[in-house]
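Now for the letters of each chain:
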Amino acid sequence: MTGAGYGGADPIAALATPPGESALAQIRASGENALELFASIFSSPEKIKKAPGNSVVHGRILKPVRREVSAGPAAGACSSGTSSGGTEGREIIDEVLVSVFRAPRSYTGEDCLDISCHGGSAVVKAVMEALRETGFRDSLPGEFTFRAFINGKLDLTRAESVMELVSAKTGAGRGRAVNRLSGALEVEIRELRDLLVQVLAGTELRLDYSEDEGDAGGEGLPDRPLAEAVLERLQALAASYRMERLYQEGALGVIAGRPNAGKSSLFNRLVKEDRSIVTDIPGTTRDWIEAWISLGGIPLRLADTAGLRDSPDEVEQLGMARSRELLAAADLVLYVIDGCAGFTGEDRRFLESLSGPGAPPPLLLWNKADAVPPPAEGALLLKPGTAPFPLLAISAKTGEGAAALCAAMTALLEDRNSPEGGNNTPGIASARQKGLIDGAAAAVEEALDLADRGEPLDLIAPLLREGVNALGEITGEVSTADILEAVFSRFCVGK
Ligand SMILES: Nc1nc2c(ncn2[C@@H]2O[C@H](COP(=O)(O)OP(=O)(O)OP(=O)(O)O)[C@@H](O)[C@H]2O)c(=O)[nH]1
Ligand SMILES: [Mg+2]
C-alpha cells in the first residue's frame, strides 16, 4: 500500500514555512513517540508528555544530551531546569511555542507537534539538528499528507487539493481548491461509484440467472437509465477540467502590435506598475517582459513584446522572433493598433499571420483613443467577404477602456474554457483525476454501446467493473504504491 520511501509511522520532521529570515518559522513533527522524543530536548519535558491534544506549551528547546558529554554550561545555558529529564545546564537553542496534537485527532492522525520557533536559518538549522539527534528523520515531500491519507483523514482528492491550495495564485483558485478540500469532489465521486456498483450488481445478478437458464443474457442492460445518468455526470466532471486548470494554473496573455502602438504603456497599466520602458522611439522594447496579474481571479501571465515590423536590424529581428514564439503559445492575444497611425497594411499582414488554425482570435484594441477616436463602425474589416472584426477603444495613457478590456479578457478565457451549457458539478483539477474520469466514462459508454447492439452481459460486466475501479482510484479506495508515490512526491516538504 505504500510507495518506496513513504510509509511507516517513524518520527518525521520538516520546516513547513519558507526558508530564510522571518519573524517566526514553523517546524512540524509527527510519528510514533513524537511527543516523548521531543520532550527529551524540551525544557519542561513533563509538560509536553502530559499536554492534552490541541494545546499549546511554552518552553525552550535544548541541545540533545549526547552533545553535552564534556562541555560545561555554555553561554545562555538553561539554569532553571525542571523536575525531570536532566535539562539543567544544557544549552538553549530557542524559546518556542509548541502546539501538541494527539492521535487520532491531528492532521496526520498520529501524535503531532507544530513547533513555532524564531525565524532565520541558524535557529531552524539548530532545531532541525536537535530533532534529528533525538530520532526524527527529515520528511519526504508530502509525507505528512500521505500519512493523513493512510490514516483515513483525507481521501486522495482532498490530499491533492492540499497541494492545489498551497499553489493557488488567486483568491478564486484558492476558493475552488478549498471546495475540493472540504470534500465536494470526493462526495460526487463516491456517489457515482456507488451508482455504478449498483448497475454492476444488477448486471452480474442477471448474468448468474441467465447462466442458470442457459443463455448469455443479451437482453439489454439492467438499470440502464442509472448507467446513462452516471455517464452524463462523468462527462460533466471531465468538462470541468479546463476551467479548473485555468483558475489553478492560469493562462498566457501576449500583447502584440506594431512598434510605438502603445504595447508597453498598456502592459504597465494592466500590471499597475511602471515595469516596461515607454518612449516615442519605435522599437523600444527588444526583449519581452512578463508579469502575473489576476483577471477576476484567473491568474494571467501577461507578456509585453517587441513591436512587429519589417526591420533589417538584427537585434530587433531576434526580439520579433521571440514575440512570435510567445504568440504561438498564447491563450489570449491583445493586438494593439496605434490609433494615431491608423490601421495599416502591416497590421493587416501581421493579423493574418496570427490567425492560423487553432490560434485564438485576438482582441483588437484601438489604442490612443484619447488622441484619435476609433472608426465610427467600431469594427474593422480584416478580409473582404468576412464579418467585420469588433474593435475595443482604449487609451493606455488615460486608462479609458481598461476596465472593459479586462472584462472582455476574462469573458473570453471563461468562454473558451467553460463546459458547453455550463455545469454546477464540483470541478476536477488534476491530470490524474481527469485521466481516470475519462477512463470510467469511456468504459460506461462502451458498456451502453454493447448493450445497444445486444451483446451478451458477460462482455459488458467487465467494462462496468473497469469504471468502478477507475472511480475507486480517484479517491484512493483502490490504490497501488506507484499511484500514491506519484501523487505525493509532487508535494512540497513539510506538507
Ligand atoms: N496619446 C496617447 N499616447 C500613447 C498612448 N499609449 C502610448 N502612447 C505613447 O506612444 C508612444 C509609444 O508607447 P510605447 O508604450 O512605448 O509603445 P510600444 O508599442 O511599446 O512600442 P515599442 O516597444 O517600440 O514596440 C509613447 O510616446 C507613449 O507615451 C495613449 O493611449 N495615448
Ligand atoms: Mg514597448
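Residue numbers here run from 1 along each chain, matching the order of that chain's written sequence. Labels are handed out in written order, letters beginning with A for the chains and numbers beginning with 1 for the ligands. Local features are withheld for residues below a pLDDT of 70 in this predicted model, meaning they are given only at 70 or higher, and side-chain atom pairs are given and counted only at 80 or more; totals for whole chains, interfaces and linings count all residues. Calculation of side-chain values draws on the structure's entire complement of heavy atoms; hydrogens and water are dropped beforehand.

Novice: Which residues make up the coordination of the magnesium ion (ligand 2), and what values do they have?
Specialist: Only nitrogen, oxygen and sulfur atoms qualify as donors, and only when within 2.8 Å of the metal (3.2 Å in the case of Na, K and Ca); with water excluded, sites may look incomplete. The protein atoms that coordinate the magnesium ion (ligand 2) are Ser-264 (OG) and Thr-285 (OG1), at distances spanning 2.0 Å. Of this pair, Ser-264 sits in helix 9 (residues 263–271) while Thr-285 sits in the loop between helix 9 and strand 8 (289–295); the two residues are 21 residues apart in sequence, bridging distant segments of the chain. Among the residues examined, Thr-285 registers a relative accessible area of 12% and is labelled buried. Numbering of helices and strands runs from the N terminus, with a helix taken as a DSSP run of H or I at least four residues long and a strand as a DSSP run of E at least two residues long. Relative accessibility under 20% of the residue-type maximum defines a buried residue, over 50% an exposed one, and the middle range a partly exposed one, all with a 1.4 Å probe and only protein chains included.

Novice: So what about the pairing of strand 8? Which residues, and what values?
Specialist: Of the two faces of strand 8, the one holding Ile-289, Ala-291, Ile-293 and Leu-295 is buried and the one holding Glu-290, Trp-292 and Ser-294 is not buried anywhere. Here a strand pair is declared whenever DSSP counts at least two bridges between the two strands. Two elements, strand 8 and strand 9 (residues 298–304), share seven bridges in a ladder whose sense is antiparallel. Note that in strand 9 the partner of Ala-291 across the bridge is Leu-302.

Novice: I'd like to hear about the packing of aromatic side chains, residue by residue, with values.
Specialist: For Phe, Tyr and Trp, where Trp contributes only its six-membered ring, two rings pair if their centres lie within 6.5 Å, and the inter-plane angle classes them as stacked under 30 degrees, edge-to-face over 60, or tilted in between. Counting across every chain of the model gives three aromatic pairs. Note on Phe-149 and Phe-488: the rings are 6.1 Å apart at their centroids and 40° apart in plane angle, and the pair reads as tilted. Placement of the pair is Phe-149 in helix 4 (residues 143–150) and Phe-488 in helix 15 (residues 481–488), with a sequence separation of 339 residues. As far as burial versus exposure is concerned, Phe-149 and Phe-488 are alike and both buried. An aromatic cluster of three or more residues is present, and its members are Phe-146, Phe-149 and Phe-488. In this scheme, Lys NZ or Arg CZ marks a charge over a ring once it lies within 6 Å of the ring centre and within 35 degrees of the ring normal. The residue whose ring lies beneath Arg-28 is Phe-144, and the NZ or CZ to ring-centre distance is 5.5 Å.

Novice: Provide a residue-level description of the environment of Glu-400, including the pertinent values.
Specialist: One can find Glu-400 in the loop between strand 13 (389–393) and helix 12 (402–417). Spatially, the C-alpha atoms of Glu-400 and Asn-367 are 9.5 Å apart, while their sequence positions differ by 33 residues. Whether two residues touch is decided by their heavy atoms; if any such pair falls within 4.5 Å, the residues are in contact. In this view, Glu-400 contacts Ala-369, Asp-370, Ala-393, Ile-394 and Ser-395; residues no more than four positions away in its chain are not counted.

Novice: For the nonpolar core, give the residues involved together with the corresponding values.
Specialist: Grouped together as the largest cluster of nonpolar side chains are 34 residues, with contacts concentrated most on Leu-221, Leu-234, Ile-437, Ile-460, Leu-464 and Leu-471. Elements with a minimum of two residues in this core: helix 7 (184–213), helix 8 (224–249), helix 13 (431–452) and helix 14 (457–475). Setting aside residues up to four positions removed in sequence, Leu-234 forms contacts with Leu-192, Ile-437, Ala-440, Ala-441, Val-444 and Leu-471. Take the buried residues of types Ala, Val, Leu, Ile, Met, Phe, Trp, Tyr and Cys, join any two whose side-chain atoms come within 4.5 Å, and each joined set is a nonpolar core.

Novice: Residue-level account of the sheet that holds strand 2 (residues 24–30), with values.
Specialist: If you walk across this open sheet you meet the six strands as 3-4-5-2-1-6, and the pairing is mixed. Sheet topology places strand 3 (55–62) and strand 6 (137–138) at the edges, where each strand pairs with a single neighbour. Contacts from helix 3 (residues 121–134) reach strand 1 (12–15), strand 2, strand 3, strand 4 (92–101), strand 5 (112–118) and strand 6, with the element oriented near 150° to strand 5. Fitting a line to C-alpha atoms yields each axis, with helices limited to the stretch in contact; the angle taken between N-to-C directions then spans 0 to 180 degrees. Most of the contacts of helix 4 go to strand 1, to which it runs at about 135°, and overall it touches strand 1, strand 2 and strand 6.

These values are about where atoms sit, not about what they do.
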